[in-house]
Amino acid sequence: MAPPSSRAEKVRVRRKQLAVGAVAAMMSTALVACGGGSDSTVLTWYINPDAGGQDAVAEKCSTDEYTIDTQVLPQDASQQRIQLARRLAAGDTGIDLMSLDPPYTAEFANAGYLASIPQDLATKLEEQSFDGATEAATWDGELVAAPFWSNTQVLWYRKSFVDKIGLDMSQPVTWDEVIEAAADNGGTVAVQANKYEGYSVWINALISGAGGNIVEDAEKGVDAEITIDSPAGEEAAQVIEQLAGSNAAPSDLSVSNEGTAGTTFGSDEGAFMVNWTYIFHNYDETAPDVAKDIGYARYPQTVEGEESRPPYGGIGLGVSKYSANVDQAMEAVECLTSPESQGINAELTGNMPASPAGYDYPAIGEAYPADLLELFQESVDSAAPRSVTPYWSDISSGILSTWHSPTGVSGSTPKESATFIQSVLQGDALL
Amino acid sequence: MTTTVTAKPGAKSAEPARSSDRSVAENRLGLKLVAPAVILMLIVTAWPMLQALYLSLFRYRLTTPDERDFVGLGNYVTALSDSLFWQDLWNTVVIMVVSVAVELVIGFAFAMVMHRIIFARGVIRTSILIPYGIITVVSAFAWQFAFSLNNGFVNSWFSWLPGISEDLNWFGAHWPAMFAIIVSEIWKTTPFMALLLLAGLSQVSEDMLEAAKVDGATWWQRLWKVILPNMRAAIMVAVLFRALDAFRIFDNIYVMTKGAEGTESSSFLTYRQVIEQFQLGMGSALSVLLFLSVLVLAFGIVKLFKVDLAQARGEG
């Protein structure tokens, strides 16, 4: 190295001293802030991104004792799961509250990441919530998350299309009827069939609608019985095969998600679509003609005469076991999941309340027709949550590996997927 | 690199006692001086590697820590007997071989340009190196947009080519998606190859080239008989570095396809097991296998080029 030029060296030393001084100054202010700020506790709530509903209720539920601060998780539900699980596995004390998606609620509860909900609060939540919402938030006989909002799917149709072909939508319809009606009259049936959780949601709803189940004895963990290879599984495969092979399939079927399904439905070929509740206001500004043309009915039946089991989605609130303020966090949960909070959230985001009482919030009644709200509640109440098991993410990925792409689904798919999922759970196959 | 100081062998044998005394003391001081660095390296590299080796013997999932089972080499057996592992390894090898081969040719051309250019040398050298300065994720997004069905330019510019049409979904099938990934990889790292080859090119003596010219060798003969043999060590280093780099490909796949359409690489598979599925045991086993593959690859390339590494470093 060249000998240090004295001037340059001096300048460098000066800079170093300045930097050290600055860091020291910053640290001392930080310490003062920590030590002196005894006004109120800050509860950190990790939320999934939304249109401001959770921020609004966080502000509403902040008290003199504690302030609820929100931190936004990634958009993608599986990325939310990864971030939360990795933080919790490391015992991160920076999380007090979190918004949990149903598919990984059981996984977190089973891993011991969630503080147990006090009995009186649990009873209150169970009484106020829809059965489907409680079922999705229950693991091992205990309520582990507080149902906050509940989403479900209904069958959306274009009134003009249905009128044109003279289909009676006041009676329950089957998938078979919907697909045939669309195919024979140049319409499409928009679904979610990309290789992602939304496709598992559809498959689960189809199987449940035929009276089946993907997993039996979920509490046995890896030894749970995979029952996808059943008459119900075959019925489900048959519906997918029928749609994929018909003219009613949108051209982007294999990469379709909620958003693309909405686009297909809004196009000239749009006829039918299964999608979540928030899609109702999707066209208000962009395509007012379509908005006026939307009709709705209960989710189609897999088997004629057997009641359909619409998909269940939503968010439950969990309290981290590693939080330093579990008691205050539980208090906050009680306020955040009150019917009024659920109503405020629904008004801002279109994510419907998890309780019948939440639907009484006045603003919701103004934004949605009464019969649609009734349909939502009826659907949530009879919804089929995805199997509550700590291994849902493995099972779901296993389903996607074998059932995607929809054009490849056949009568042998349920059997293949059952074998594959079984060996994945036993650690005998790579996912 | 060119200023390596080596003691003359003759001096050593003339005064063995004095130099050995001194060298022992120097060695001791040297050991003391490097000790902190070595200890730090052990903590940050050796320990995680040993930890991975240990974890790979367990069936261990982050979210079910109580069900941790010792399975011995079970994870390795599962991985090696699974078709997904071999499919992903094959993808990785395809990406590595194609991209390194193409990069070697283009990179050599660029190196020649950078070496021989007379005017605007700085500007041309810099502009050739720009892609290498771009973050891989950014370049992957740029190429994803370029190949995109909705807003890309590739389809409309190249629709005159057979097999490419306005509505070709590049990411909807295996080979087109692999093509897009490889193009992005080549665009991004060719400058690196060119830079390493330029270093080799500048080591080829002008005297030798002139002598060959005087002897009547054509341009082609000079390239094959003088330039390339004399920069064999540099070529090996370039191929070795790039091959190992390409074998660990992750970013492009993550951004462009997320592994869909069977475009997953070995490191992407490892990522999914560890990060997405929390399978610490299986993921560790896969990373050990990845590490072993890289070792074998490095060994193979060194053997293939028959270069003495010490000589390549100029220590010979």
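Residues numbered from 1 in each chain as written. Chains lettered and ligands numbered in written order. Predicted model: local features only at pLDDT ≥ 70, side-chain atom pairs only at ≥ 80, totals over all residues. Heavy atoms only, no water.

This part is about the state of the cysteines. Residues and elements named next belong to chain A. According to the stated counting rule, one finds one disulfide over all chains in the structure shown. In this model, Cys-61 is linked to Cys-335 through a disulfide, with the two sulfur atoms separated by 2.0 Å. Its S-S torsion of approximately -80 degrees makes the covalent link between Cys-61 and Cys-335 left-handed. Highlighted residues: Cys-61 in helix α2 (residues 53-61) and Cys-335 in helix α13 (residues 326-336), separated in sequence by 274 residues. For Cys-61, a relative accessible area of 2% gives the class buried. Judged by its relative accessible area of 24%, Cys-335 is partly exposed. (Disulfide = S-S within 2.5 Å. Helix = DSSP H or I, 4+ residues; strand = E, 2+ residues; numbered from the N terminus. Buried < 20%, exposed > 50% of the residue type's maximum accessible area, 1.4 Å probe, protein only.)

Okay, the interface of chain B and chain A next. Opposite the 24 residues of chain B that make contact, chain A presents 22 residues. In total, about 1900 Å² of surface goes out of reach between chain B and chain A, with carbon and sulfur atoms giving 50% of it. Of all residues in chain B, Arg59(B), Arg61(B) and Thr63(B) give up the largest surface area on contact with chain A, accounting jointly for 27% of the area buried on that side. Counting every contact that joins chain B to chain A gives two salt bridges. The shortest N-O distance in the salt bridge between Glu107(A) and Arg61(B) comes to 3.0 Å. Taken together, the links from chain B to chain A amount to 10 residue pairs in polar contact (both at pLDDT 80 or more). Contributions of two or more residues to the side of chain B that touches chain A are made by α3 (74-80), α4 (83-116), α13 (266-276) and α14 (280-305) of chain B. Per element, the largest residue contribution to the side of chain B that touches chain A is seven residues, and it comes from α13(B). (Contact = heavy atoms within 4.5 Å. Buried area = accessible area lost by both parts, 1.4 Å probe. Salt bridge = Lys/Arg side-chain N within 4 Å of Asp/Glu carboxyl O. Polar contact = N/O pair within 3.5 Å; in protein donor to acceptor, adjacent residues only side chain to side chain.)

Residues and elements named next belong to chain B. Helix α11 (residues 232-247) packs onto α4 with a crossing angle of 145 degrees between their chain directions and a minimal axis gap of 9 Å. Judged by the twist between their axes, the crossing of α4 over α11 is right-handed. Contacts between α4 and α11 involve Leu-89, Thr-92, Val-93, Met-96, Ser-99, Val-100, Glu-103 and Leu-104 on the former and, on the latter, Ile-235, Val-239, Arg-242, Ala-243, Ala-246 and Phe-247. Across the contact of α4 with α11, the residue classes break down as 10 nonpolar, two polar and two charged. (Axes fitted to C-alpha atoms, helices over the stretch in contact; angles between N-to-C directions. Left-handed = near helix turned anticlockwise from the far one by under 90°. Nonpolar A, V, L, I, M, F, W, Y, C, P; charged D, E, K, R; others polar.)

All names here are of chain B. On the surface, Leu-29, Leu-31, Leu-33, Val-34, Val-38 and Leu-42 cluster together into a nonpolar patch covering about 590 Å² of accessible area. Examined against the element boundaries, Val-34 turns out to sit in helix α2 (residues 16-55). Residue Val-34 is classed as partly exposed on the basis of its relative accessible area of 42%. (Patch = residues over 30% accessible without salt bridge, like charges linked within 9 Å, V, L, I, M, F, W, Y side chains within 5 Å. Areas by Shrake-Rupley, 256 points an atom, 1.4 Å probe, with all protein chains shown as cover.)

Before going further, it helps to spend a moment on the confidence of the model for chain B. Do not read the predicted coordinates in detail wherever pLDDT is low. With 91% of its residues at a pLDDT of 70 or more, chain B has an overall mean of 87. Overall, residues 1-16 of chain B carries pLDDT values under 50, and its contacts beyond four positions in sequence, including any with other chains, amount to two contacts. (pLDDT = per-residue confidence, 0-100.)

A few words on α11(B). Its 16 residues give α11(B) an end-to-end C-alpha distance of 22 Å, which sits within 8% of 22 Å, the value for a rise of 1.5 Å per residue. Turning to α11(B), its buried residues number three or more, namely Ala234(B), Ile235(B), Met236(B), Ala238(B), Val239(B), Leu240(B), Arg242(B), Ala243(B), Leu244(B), Ala246(B) and Phe247(B). (Expected span 1.5 Å × (residues − 1).)

Our focus in this paragraph is a negative patch on the surface. All names here are of chain A. A cluster of acidic side chains, namely Asp-176, Glu-177, Glu-180, Asp-184 and Glu-304, defines a negative patch on the protein surface. Secondary-structure assignment places Glu-304 in the loop between β11 (294-297) and β12 (312-319). Assessed through its relative accessible area of 65%, Glu-304 is described here as exposed. (Lys, Arg positive; Asp, Glu negative; His and termini not counted. Charge placed at Lys NZ, Arg CZ, Asp CG, Glu CD.)

Attention now goes to the domain arrangement of chain A. Residue and element names in this part refer to chain A. Per the domain assignment, the segments of chain A are domain 1 (7-150 + 313-381) and domain 2 (151-311 + 386-425). If you average the C-alpha positions of domain 1 and of domain 2, the two centres end up 30 Å apart. Every contact between the two is made by 27 residues of domain 1 and, on the other side, 24 residues of domain 2. Taken together, both faces of the contact between domain 1 and domain 2 bury some 2000 Å²; the carbon and sulfur share is 64%. On the domain 1 side of the interface with domain 2, the three residues burying the most area are Pro-103, Trp-139 and Ser-379, jointly 24% of the side's total. The tally of links from domain 1 across to domain 2 stands at one salt bridge. The salt bridge involving Glu-378 is made with Arg-298; its shortest N-O contact spans 2.9 Å. Counting the contacts that link domain 1 with domain 2 gives six residue pairs in polar contact (both at pLDDT 80 or more). Contributing elements (two or more residues each) for the side of domain 1 that touches domain 2: α4 (102-110), α6 (131-136), β4 (138-139), β6 (146-158), β12 and α16 (370-381). If you tally residues by element for the side of domain 1 that touches domain 2, the top one is α16, at seven residues. Its residues assigned to classes, the side of domain 1 that touches domain 2 shows 13 nonpolar, nine polar and five charged. (Domains from an automatic or database assignment.)

Attention now goes to the pattern of salt bridges. Residue and element names in this part refer to chain A. In the structure shown here, the tally under the stated rule is 18 salt bridges over all chains. With a closest N to O distance of 2.8 Å, Arg-81 and Glu-107 form a salt bridge. Taken as a pair, Arg-81 in helix α3 (residues 77-89) and Glu-107 in helix α4 lie far apart in primary sequence, 26 residues in all. The exposure class assigned to Arg-81 is buried, which follows from its relative accessible area of 5%. The partner of Asp-293 in a salt bridge is Arg-158, and the shortest N-O contact between them spans 2.9 Å. Of this pair, Asp-293 sits in helix α12 (residues 288-293) while Arg-158 sits in strand β6, placing them 135 residues apart in sequence.

Attention now goes to the pairing of strand β3 (residues 97-100) of chain A. Residues and elements named next belong to chain A. The side-chain alternation of β3 yields two buried faces, one formed by Leu-97 and Ser-99 and the other by Met-98 and Leu-100. In this structure, strand β1 (residues 41-47) lies alongside β3, joined through two bridges in parallel fashion. Along β3, the bridge assignment pairs Tyr-46 with Met-98. (Pairing = 2+ DSSP bridges.)

Right, let's talk about helix α8 (residues 174-201) of chain B for a bit. Residue and element names in this part refer to chain B. Under the 1.5 Å per step criterion, the end-to-end length of α8 is 38 Å for 28 residues, consistent within 8% with the ideal 40 Å. Along its length, α8 shows its largest kink, about 40 degrees, at Thr-189, and proline Pro-191 lies within four residues downstream of that point. Taken across its 28 residues, α8 has 20 buried, putting it largely inside the fold. (Bend = angle between axes of the 7 residues up to and from the residue.)

This part takes up the packing of aromatic side chains. Enumeration over the complete set of coordinates arrives at 34 aromatic pairs over all chains. Between Phe250(B) and Tyr254(B), the aromatic rings sit 5.5 Å apart at their centres with planes inclined by 20 degrees, giving stacked as the arrangement. By relative accessible area, which is 23% here, Phe250(B) ends up partly exposed. Residue class for Tyr254(B) comes out partly exposed when judged on its relative accessible area of 24%. Taken together, the aromatic side chains of Trp156(A), Phe280(A), Tyr296(A), Tyr368(A) and Phe376(A) make up a single cluster linked through ring pairs. The side chain of Lys258(B) reaches across the aromatic face of Tyr254(B), ending 4.7 Å from its centre. (Phe/Tyr/Trp six-rings, centres within 6.5 Å; stacked < 30°, edge-to-face > 60°. Lys NZ or Arg CZ within 6 Å of the ring centre and 35° of its normal.)

Right, let's get into the side chain of Arg61(B). Residue position: Arg61(B) is located in the loop between β1 (58-59) and β2 (69-70). Polar side-chain contacts of Arg61(B) include one of 2.9 Å to the side chain of Asp394(A). Beyond its immediate chain neighbours, meaning those up to four positions away, Arg61(B) contacts Arg81(A), Glu107(A), Pro390(A), Tyr391(A), Ser393(A), Asp394(A), Gln277(B), Phe278(B) and Gln279(B).

The subject of this paragraph is the packing of α3(A) against α13(B). Here α3(A) crosses α13(B) at 60 degrees, and the two axes come no closer than 10 Å. As far as their axial angle goes, α13(B) and α3(A) are oblique. In this structure, α3(A) uses Gln79(A), Arg81(A), Ile82(A) and Arg86(A) to contact α13(B), whose residues at the interface are Tyr271(B), Val274(B), Ile275(B) and Glu276(B). Here the contact of α3(A) with α13(B) is composed, by residue class, of four nonpolar, one polar and three charged. (Parallel < 35°, antiparallel > 145°, perpendicular 65-115°, else oblique.)

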